[in-house]
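# Observations on the model geometry
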Amino acid sequence: MNLPMAGAAGAPLLLESIPELQREVRALADERGAVILAHNYQLPEVQDIADYVGDSLGLSQRAAAADAETIVFCGVHFMAETASILCPDKRILIPDPDAGCSLADSITAQQLRDWKARFAPARPIVVMYVNTSAEVKAETDYCCTSANAVQVVERIRAEHGDDVEILFGPDMFLGRYVERTLGRPMHVWDGECHVHAGIRPGDIAAVRGSHPGAEFLIHPECGCSTSVMEYVAAGDVPAEGVHMLSTGGMLARARALGDRGSDGARATAIVATETGMLHPLRRTAPDVDFIAANEAASCRFMKMITLTKLRDSLRDGEHEVKVPAEIADRARLAIERMVQIG
Ligand code: 13P
Ligand code: SF4
């Protein structure tokens with residue numbers, strides 16, 4: 001898929017209107033008893049007023065544990081659907097219902113049913129990344145995120161034996177990463193996220209040249225992830241400087257890097273993921289220099305959530321995301337397994 005990478009949708013906010021809108025948002029959230037959850041790729045001004053900012057796994061865990069009646073999800077549509085499945089009695093709002101995901105669009109429920117049918121005699125186990133529609137999750141045995149994909153497949157091997165056939169999707173780069181980490185083949189769907197797939201091996205070669213000695217923090221959805229693992233295997237890149245991490249894992253690594261700088265030298269880390277991630281990384285470890293592997297890696301869907309739309313969503317109670325019970329009831333177990341494996 002070849003979609004454009006773009007910045008924030010809609011008219012840009014005047015800088016001076018940001019604090020005022022943030023005050024309005026916080027006041028409305030308190031008045032409505034709403035909790036605001038935001039993904040690490042959200043605009044900085046949205047992250048800064050959220051009750052919780054995190055990766056897909058952390059957001060699902062927070063949604064499941066939330067005691068507020070309303071959850072406003074600042075992220076993309078499948079994340080709000082996941083919250084609706086986990087919390088069927090809560091009101092889940094998304095500030096822009098058109099905030100989709102190219103990776104989630106790369107497999108439909110019918111395609112998954114057809115794929116399963118081809119392997120039916122072998123009784124395969126289906127593992128789907130959480131970046132999928134609720135209908136796809138309803139056809140899934142285990143969901144996973146980038147933070148726990150390896151552990152989910154390990155759990156399946158422990159429970160179903162080493163020979164079990166695994167259908168893994170929809171992200172092919174994450175699938176290959178899991179296969180390589182566990183040294184075990186799976187059947188991997190050939191979907192991709194247009195933003196992460198656009199971070200190519202050539203980007204890594206270029207930033208490595210200009211920042212020798214820097215660490216690499218690489219999201220396993222990236223188009224460069226396979227080649228970086230190959231550089232490591234060939235001894236071209238030292239393994240200890242390369243970390244394949246979810247966005248939450250990157251923040252944990254940033255904390256460790258920030259704590260290390262007692263010799264006065266600033267650490268540098270090259271970050272291969274959506275560029276919104278630079279904001280929470282810099283906030284977490286201000287003494288570390290974070291460099292984007294590809295400055296153009298911006299998810300236009302994530303950036304559709306603006307402070308103005310968040311304010312309107314809280315004020316008007318829009319746009320509710322409610323997964324129908326017949327789908328939610330079939331999708332819940334796969335998500336609960338993901339949350340429980342952690
Ligand atoms: P994580 O936050 O789980 O690493 O996911 C990244 C992503 O692309 C979400 O859409
Ligand atoms: Fe989907 Fe990619 Fe955007 Fe994440 S960065 S929401 S996977 S399109």
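Residues numbered from 1 in each chain as written. Chains lettered and ligands numbered in written order. Predicted model: local features only at pLDDT ≥ 70, side-chain atom pairs only at ≥ 80, totals over all residues. Heavy atoms only, no water.

## A word on the side chain of glutamine 47
Its location among the elements puts glutamine 47 in helix α2 (residues 44–47). Owing to a relative accessible area of 2%, glutamine 47 belongs among the buried residues under this scheme. Of the polar contacts made by the side chain of glutamine 47, one reaches the backbone oxygen of asparagine 40; its length is 2.8 Å. Not counting the four nearest positions on each side in its chain, glutamine 47 is found in contact with His39, Asn40, Tyr41, Gln42, Val53, Gly276, His279, Pro280 and Arg283. (Helix = DSSP H or I, 4+ residues; strand = E, 2+ residues; numbered from the N terminus. Buried < 20%, exposed > 50% of the residue type's maximum accessible area, 1.4 Å probe, protein only. Polar contact = N/O pair within 3.5 Å; in protein donor to acceptor, adjacent residues only side chain to side chain. Contact = heavy atoms within 4.5 Å.)

## Here's the deal with the nonpolar core
Residues Phe290 and Leu310 are the most contacted members of the largest nonpolar core, which totals 115 residues. Take this core: its biggest share by element is eight residues, from helix α15 (residues 325–341). In this structure, phenylalanine 290 is in contact with Leu217, Ala254, Ala269, Val271, Leu278, Leu281, Arg282 and Ala285, ignoring residues within four places of it in sequence. If you look at the next biggest cluster of nonpolar residues, it comprises 10 residues, including Trp115, Val126, Val136 and Leu167. (Core = buried A, V, L, I, M, F, W, Y, C linked by side-chain atoms within 4.5 Å.)

## As for unusual backbone geometry
Along the chain, glycine 169 connects to proline 170 via a cis peptide bond; the corresponding omega equals -10°. Residue histidine 319 follows glutamate 318 across a cis peptide bond; omega there is -5°. Relative to the helices and strands, histidine 319 resides in the loop between α14 (307–316) and α15. Non-glycine residue arginine 123 carries a positive phi angle of around 50°. Position of arginine 123 relative to the elements: it lies in the loop between α5 (109–119) and β5 (125–129). The exposed category is assigned to arginine 123, whose relative accessible area is 69%.

## What about the site of ligand 2?
Around ligand 2 sit Tyr41, Val76, Cys101, Ser102, Asn131, Cys193, His194, His196, Glu221, Cys299 and Met302, and those are all the residues in its vicinity. Considering only residue class, the shell around ligand 2 consists of six nonpolar, four polar and one charged. (Near = heavy atom within 4 Å. Nonpolar A, V, L, I, M, F, W, Y, C, P; charged D, E, K, R; others polar.)

## Comments concerning the site of ligand 1
Residues in close proximity to ligand 1 total 14 residues, the closest being His39, Ser56, Ser146, His219 and Thr247. Here an oxygen atom of ligand 1 sits 2.9 Å away from a polar atom, N or O, in the side chain of serine 56. The contact in question runs from an oxygen atom of ligand 1 to an N or O atom on the side chain of histidine 219, over 2.8 Å. Within the complex, 96% of the 300 Å² of free accessible area of ligand 1 lies under protein. (Areas by Shrake-Rupley, 256 points an atom, 1.4 Å probe, with all protein chains shown as cover.)

## What about the environment of isoleucine 18?
Looking at the secondary structure, you find isoleucine 18 in helix α1 (residues 17–32). On the accessibility criterion, isoleucine 18 (13% relative accessible area) is buried. On a C-alpha basis, the gap between isoleucine 18 and methionine 277 in space is 20 Å, while along the polypeptide they are 259 residues apart.

## Quick notes on helix α11 (residues 225–234)
Turning to α11, its buried residues number three or more, namely Ser225, Thr226, Ser227, Val228 and Met229. For α11, the elements touching its buried residues are α8 (172–182), α10 (201–210), β9 (215–218) and β10 (242–244).

## A short note on the sheet that holds strand β6 (residues 142–144)
Pairing is parallel across the open sheet formed by four strands, whose spatial order is β6-β5-β7-β8. A strand with exactly one partner marks an edge of an open sheet, and here the two such strands are β6 and β8 (187–188). As paired strands, β5 and strand β7 (residues 166–169) are joined by four bridges and run parallel to one another. Note on β7: the bridge partner recorded for valine 127 is phenylalanine 168. Lying over the sheet, helix α7 (residues 149–160) contacts β5, β6 and β7, oriented at roughly 155° with respect to β6. (Pairing = 2+ DSSP bridges. Axes fitted to C-alpha atoms, helices over the stretch in contact; angles between N-to-C directions.)

## What about the confidence of the model for the chain?
With 95% of its residues at a pLDDT of at least 70, the chain reaches an overall mean of 92. Taken as a whole, residues 1–9 scores under 50 in pLDDT and shows 26 contacts with residues more than four places along the chain or in a different chain. (pLDDT = per-residue confidence, 0-100.)

## Looking at α15
With 17 residues, α15 extends 24 Å between its outermost C-alpha atoms, agreeing within 8% with the 24 Å of an ideal straight helix rising 1.5 Å per residue. Along its length, α15 reaches its greatest deviation from straightness, about 35°, at arginine 332. Those residues of α15 not exposed but buried are Ile327, Ala328, Ala331, Arg332, Ala334, Ile335, Met338, Val339 and Ile341. For α15, the elements touching its buried residues are α3 (56–65), α4 (77–86), α6 (134–137), β6 and α7. Within two residues after α15, glycine 342 carries a phi angle of roughly 70°, on the positive side. (Expected span 1.5 Å × (residues − 1). Bend = angle between axes of the 7 residues up to and from the residue.)

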